[in-house]
Amino acid sequence: MSYQDIRSTFKVINGGLAETLEDSPKEFVSASITDTRLMGVVSMCVHWKLTENTYLTDLQQFFYFDAEESGFETYRSVLGNGSAQEVQEIEDIENCMMGGLGGKRVSLNEREARYMLQSYVDLNLKSNLPLPDDYEEYEFMLSPRIKLTEAEEYILMCKQCPRLDSPYQVINYFIMRCVGKDFGAAKFLTKGYVRTDIFPNHKGATLLRNVIEEAPDAVSGTNTDYHVTDNDRDFGTFNTFRSYMCESLIEYDSRYFLLITQISLDHLKVVRYEKVSEFQVSAAEASMMTSRPEFITVADLVPSAPEFDRHTTQFTRKAMISDYASGKLFMIFQPHNDHVKNSTYLLNDDVLGIYFVLEDNQLILASYNIKDIRKLELDLAESSMAPFIVPVSKYEFKDPVLFDFINSSFDDFEDFVATIAKPPEE
């Protein structure tokens, strides 16, 4: 048989590994978004079925949107067929993108998902912000253009927001959005006309601390403002307004300011937002306002211990991981944003605690209260790392010291404590 005869006997068939994302139409399966819009950021997941592919049949897309600064900030994807390895990869991406948001996922339809992406791509282009890599993977979602009705936009915004059930929660979210120059979200919390940009002289800022106190009415001595709501001027219905004084510590460009405002609510909607005063404070004063105790537990990992990573404990699965010169930091966030309901809001109250693993196998656990440090200790004790842990010491500090240690030249926390505990030389 000649070479030509042999070649004509065989037919080349493209296998699944040769398939690409562009080979098939995309059929919408599902989408969801975190209800964290009032924190300024949301994470969105979209699942597509590639109907004409035989191997690469599923596309899972993950988007991270920041309404204040970076717009469409992060994009990740998993293209495959639902293998066990892909399921783990999907879980890791979800935990990485939404683990620190403290929110729940809410379902979106296809129009809403496309509209979200198109809106943030528009924001990036308008603000000269770069779009994330792999543009060709999400480009198909940008057409056709989606235009929502006013009612549809309101429904979509409701999906992105948590249930509001506390006056303090509404006020903290409202001030957070206003100082961040995110006025679209701030107006979602208002009723009637309310001017939201009452500090135009300041840049978009981070709300570090907000203290809320009720503001009694000057005439009656009570926090109530009665007003008629129908045409019966003799004996009509009325609503109750409540007013609150707010002391807000903000930061931008390493500068700190105290903004004093008065906010009035009609039930859980802002109806009045007034400037009282403002003044700059020093970094030291700001540090004093935001300081709190820190509880630290120190342990050693035996030489045979496995690597401490995202899969070591239940808490680390959703951690925000950062690399430092001396080790790796795992920041664990609360699974909710209930700290926004407090009369004194602190930015870092959404942090449950920290694992810091040094290069020489020292492990540090840190938290701002005794309840949460015990949660970290229990999390570690119930993990696969437990047999490799040697307890060393426990500390309570009046002010946080962990990041001072991380940024120092010390490679052992015990040596660091011994040094800072020494009385100053005369």
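That block above? That's the structure.
What you are looking at is a predicted structure, and each value in this text was computed from that prediction instead of being measured.

Peer 1: I'd like a rundown of the overall build of the protein, residues and numbers included.
Peer 2: If you tally the helices and strands in the protein, you get 11 helices and 17 strands. Classification of the 426 residues of the protein by burial places 45% in the buried group. Long-range contacts, defined as pairs at least 24 residues apart, comprise 63% of the intrachain contacts of the protein with a sequence gap of at least 6. As presented, the protein carries roughly 22800 Å² of accessible surface, and 52% of it is formed by carbon and sulfur atoms.

Peer 1: Describe the layout of surface pockets, naming the residues involved and giving the relevant values.
Peer 2: Of the pockets and cavities examined, the largest pocket occupies roughly 960 Å³. Lining the largest pocket are 38 residues, and of these V41, Y64, G100, L101 and D350 lie nearest its centre. For the lining of the largest pocket, the element with the highest residue contribution is helix α2 (residues 84-98), accounting for four residues. Of the residues in the lining of the largest pocket, the class split is 22 nonpolar, eight polar and eight charged.

Peer 1: Can you explain the nonpolar core? Please cite residues and give values.
Peer 2: With 33 residues, the main nonpolar core has I171, F174, I175, I250, I263 and Y273 as its most contacted residues. Looking at this core, the elements with two or more residues in it are α6 (167-179), α7 (183-187), β6 (206-214), β8 (238-252), β9 (255-266) and β10 (269-281). At eight residues, the largest contribution of residues to this core is made by α6. Once you skip the residues sitting within four places of it in the chain, Y273 turns out to touch F174, C178, V194, R195, T196, I198, F199, T261, Q262 and I263. Judged by nonpolar contacts, the second largest core, of 27 residues, contains M44, L117, V121 and L142.

Peer 1: Give a description of the sheet that holds strand β4 (residues 71-80) that names residues and reports values.
Peer 2: In space, the five strands of this open sheet follow the order β4-β3-β2-β1-β5, with antiparallel pairing throughout. The outermost strands of the open sheet, each flanked by one partner alone, are β4 and β5 (105-108). This sheet shows a mean twist of 20° between the axes of neighbouring strands, independent of strand direction. Note: strand β2 (residues 41-50) against strand β3 (residues 58-66), nine bridges, orientation antiparallel. Across the sheet, the residue bridging to V41 is D66, located in β3. Along the sheet, α2 makes contact with β1 (26-34), β2, β3, β4 and β5, crossing β4 at roughly 170°.

Peer 1: Residues and numbers for empty space enclosed by the protein, please.
Peer 2: Applying the stated criterion across every chain yields a total of two cavities of 30 Å³ or more. The computed volume of the largest cavity comes to approximately 90 Å³. For the largest cavity, the lining is made up of 14 residues, of which C178, V179, K181, F199 and L259 are closest to its centre. Of the residues assigned to the lining of the largest cavity, the class counts are nine nonpolar, two polar and three charged.

Peer 1: Give a description of the side chain of R114 that names residues and reports values.
Peer 2: Relative to the assigned elements, R114 resides in helix α3 (residues 110-126). The buried category is assigned to R114, whose relative accessible area is 10%. Beyond its immediate chain neighbours, meaning those up to four positions away, R114 contacts W48, F140, M141, S143, P144 and I146.

Peer 1: Tell me about the packing of aromatic side chains, and please be specific about residues and values.
Peer 2: Going through the model one piece at a time under the given rule, you end up with 25 aromatic pairs. The interplanar angle of 65° and the centroid separation of 5.4 Å between the aromatic rings of F65 and F72 together place this pair among those described as edge-to-face. Note on accessibility: F65 and F72 belong to one class, buried. An angle of 85° between the planes, with centres 4.9 Å apart, marks the rings of F174 and Y273 as edge-to-face. Of this pair, F174 sits in helix α6 while Y273 sits in strand β10, placing them 99 residues apart in sequence. Grouping residues by exposure puts F174 and Y273 together as buried.

Rules of the game
- Residues numbered from 1 in each chain as written.
- Predicted model: local features only at pLDDT ≥ 70, side-chain atom pairs only at ≥ 80, totals over all residues.
- Heavy atoms only, no water.
- Helix = DSSP H or I, 4+ residues; strand = E, 2+ residues; numbered from the N terminus.
- Buried < 20%, exposed > 50% of the residue type's maximum accessible area, 1.4 Å probe, protein only.
- Contact = heavy atoms within 4.5 Å.
- Areas by Shrake-Rupley, 256 points an atom, 1.4 Å probe, with all protein chains shown as cover.
- 1 Å grid on protein atoms, 1.4 Å probe; cavity = no way out; pocket = protein on both sides within 12 Å on 5 of 7 lines; lining within 4 Å.
- Points joined across faces, edges and corners; volume = space filled by probe spheres on them.
- Nonpolar A, V, L, I, M, F, W, Y, C, P; charged D, E, K, R; others polar.
- Core = buried A, V, L, I, M, F, W, Y, C linked by side-chain atoms within 4.5 Å.
- Pairing = 2+ DSSP bridges.
- Axes fitted to C-alpha atoms, helices over the stretch in contact; angles between N-to-C directions.
- Phe/Tyr/Trp six-rings, centres within 6.5 Å; stacked < 30°, edge-to-face > 60°.

Any link to function would need more than the numbers given here.
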